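Read off the chains here:
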Amino acid sequence: LQCAGNGHGRFRPHVPGVQWDKGACGNARWTGPRLRDVIAAAKPKLSSSPSSSSSSGGARFVELQGKERPVNLVTPSFIRAIPIEKAMHDDTIVALLMNDAPLPLVHGFPARLVAPGWVGDDWVKWLVRIALVDKEPDTFFYQQAYRVPVDAADKTGATAVATALPVKSILALPASGATLTAGHVRVRGVAFSSAPIAKVDVSIDGGSSWQAAKLVDRGGTYGFTVFERAFDATPGKLRVMSRATDDRGRVQPSDAAWNAGGYLYNAIDVVDVEV
């Protein structure tokens with residue numbers, strides 16, 4: 001589970017807004033009915049808006065809204081939507097349990113959507129309304145926020161909704177700015193994508209050379225894959241880096257694709273330390 005804005009503060013040129021570094025993500029076991037089964041049980045009618053309905057069938061999107069209310073009355077409600085294909089996928093669920101216990105309130109009790117492999121903005125918490133609609137919703141948090149360029153080379157400014165997570169790795173050890181004792185140095189972190197992780201490479205010389213890390217705990221299709229690598233370090237400054245590759249052949253890039261919203265940051269992770 002990762003916010004589309006994770007890493008927001010790392011974009012250069014600088015992007016205004018909440019300066020997320022690399023902490024807006026997590027990993028858990030989610031349990032609940034498939035969204036498609038919930039929809040089927042409701043015997044829904046297709047709606048072109050929340051207040052109108054027509055003949056059943058033909059839905060293109062599933063619109064989702066939680067129970068939260070904006071603290072500022074001029075702030076629009078947080079309404080998202082996912083394509084019908086993602087809604088009907090085997091792995092898209094309405095989670096009632098987190099790590100085999102009832103959802104904590106902060107994580108969406110009593111029910112939240114789980115859309116594995118997609119940005120956390122689609123994982124709507126405190127879920128109270130699910131509507132089948134025939135078009136994309138005309139809401140702020142769908143049409144204006146959480147959008148990325150269709151193509152970095154496209155000068156027309158065309159954007160699309162942020163959906164699937166890009167391949168990414170995050171270093172946990174050593175910590176940035178740490179002072180280490182010469183000798184055995186252990187590098188450890190997590191990698192994830194919208195597809196299973198195939199490998200992670202680690203460098204301690206700023207990317208001049210790379211060595212394969214050991215995948216010590218594979219996260220399956222969607223979860224964190226834990227990686228680690230040990231090195232012998234001599235006194236001096238080290239730049240530690242990690243680079244993940246998923247089984248679709250997508251490689252974590254040296255630089256993330258810049259966008260004005262500051263979304264989907266996934267550049268090779270870098271930590272500077274001194275031995």
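It should be noted that the structure appears before, not after, this text.
Read on for an overview of the structure. (Residues numbered from 1 in each chain as written. Predicted model: local features only at pLDDT ≥ 70, side-chain atom pairs only at ≥ 80, totals over all residues. Heavy atoms only, no water.)

1. Overview of unusual backbone geometry
The condition that has to hold: Every helix listed is a DSSP run of H or I at least four residues long, and every strand listed is a run of E at least two residues long, numbered separately from the N terminus. Burial classes follow relative accessibility: with a 1.4 Å probe on protein chains only, a residue under 20% of its type's maximum area counts as buried, one over 50% as exposed, and anything between as partly exposed.
Following Arg 12, the chain continues to Pro 13 via a peptide bond in cis, the omega torsion being 0°. Note that Pro 13 resides in the segment before strand E1 (30–31). Its identity as a non-glycine residue notwithstanding, Trp 126 has a phi of 50°, on the positive side. Considering the arrangement of structural elements, one finds Trp 126 in the loop between strand E7 (112–114) and strand E8 (127–133). In this structure Trp 126 comes out as partly exposed when scored by relative accessible area, which is 24%.

2. Focus: the environment of Val 251
Note the threshold: In what follows, residue pairs with any heavy atoms lying within 4.5 Å of each other are defined as contacts.
Relative to the assigned elements, Val 251 resides in the loop between strand E17 (237–246) and strand E18 (269–274). Judged by relative accessible area, which is 44%, Val 251 ranks as partly exposed. Note: C-alpha distance between Val 251 and Val 161 (90 residues apart in sequence) is 22 Å. Those residues in contact with Val 251 that sit more than four places away from it in its chain are Val 167, Arg 243, Ala 244 and Thr 245.

3. Considering the sheet that holds E8
Heads up, the rule is: Pairing between two strands is assigned when DSSP locates at least 2 bridges connecting them. Each axis is a line fitted through C-alpha atoms, and for a helix only the stretch in contact is used; angles between axes span 0 to 180 degrees, taken between their N-to-C directions.
In space, the three strands of this open sheet follow the order E3-E2-E8, with antiparallel pairing throughout. Two strands bound the open sheet, and with one partner strand each, they are strand E3 (79–83) and E8. Looking at each pair of strands side by side, their axes are set apart by 25° on average, direction ignored. Two elements, strand E2 (residues 61–66) and E8, share six bridges in a ladder whose sense is antiparallel. Bridge assignment links Glu 63 to a residue of E8, and that residue is Ala 131. Contacts from helix H1 (residues 35–42) reach E2, E3 and E8, with the element oriented near 75° to E8.

4. Notes on the pattern of salt bridges
Oppositely charged side chains can form a pair if their charged atoms are brought close together. For clarity, the cut-off: Salt bridge criterion: a side-chain nitrogen from Lys or Arg within 4 Å of a carboxyl oxygen from Asp or Glu.
Inspection of every chain in the model, using the stated rule, returns 14 salt bridges. The shortest N-O distance in the salt bridge between Asp 21 and Arg 10 comes to 2.6 Å. Linking Asp 21 in the segment before E1 with Arg 10 in the segment before E1, this pair joins segments that are eleven residues apart in sequence. Here Arg 36 and Asp 90 are joined by a salt bridge, their closest N and O atoms 2.5 Å apart. Of this pair, Arg 36 sits in helix H1 while Asp 90 is found in the loop between helix H2 (84–87) and strand E4 (93–95), placing the two residues 54 residues apart along the sequence. What you see here is one network of salt bridges that share partners, running through Arg 10, Asp 21, Lys 22 and Asp 269.

5. A word on the nonpolar core
The line we're drawing: Only buried residues count toward a nonpolar core. Its members are Ala, Val, Leu, Ile, Met, Phe, Trp, Tyr and Cys residues joined through side-chain atoms within 4.5 Å.
Trp 30, Leu 35, Val 62, Leu 64, Ile 82 and Leu 113 are the most contacted members of the largest nonpolar core, which has 24 residues in total. Listing elements by their share of this core, those giving two or more residues are H1, E2, H2, E4, E7 and E8. Broken down by element, the residue count for this core peaks at three residues, all from E4. Leaving out residues up to four positions away in the same chain, Leu 35 has contacts with Ile 82, Ala 87, Thr 92, Ile 93, Val 94, Leu 113 and Ile 130.

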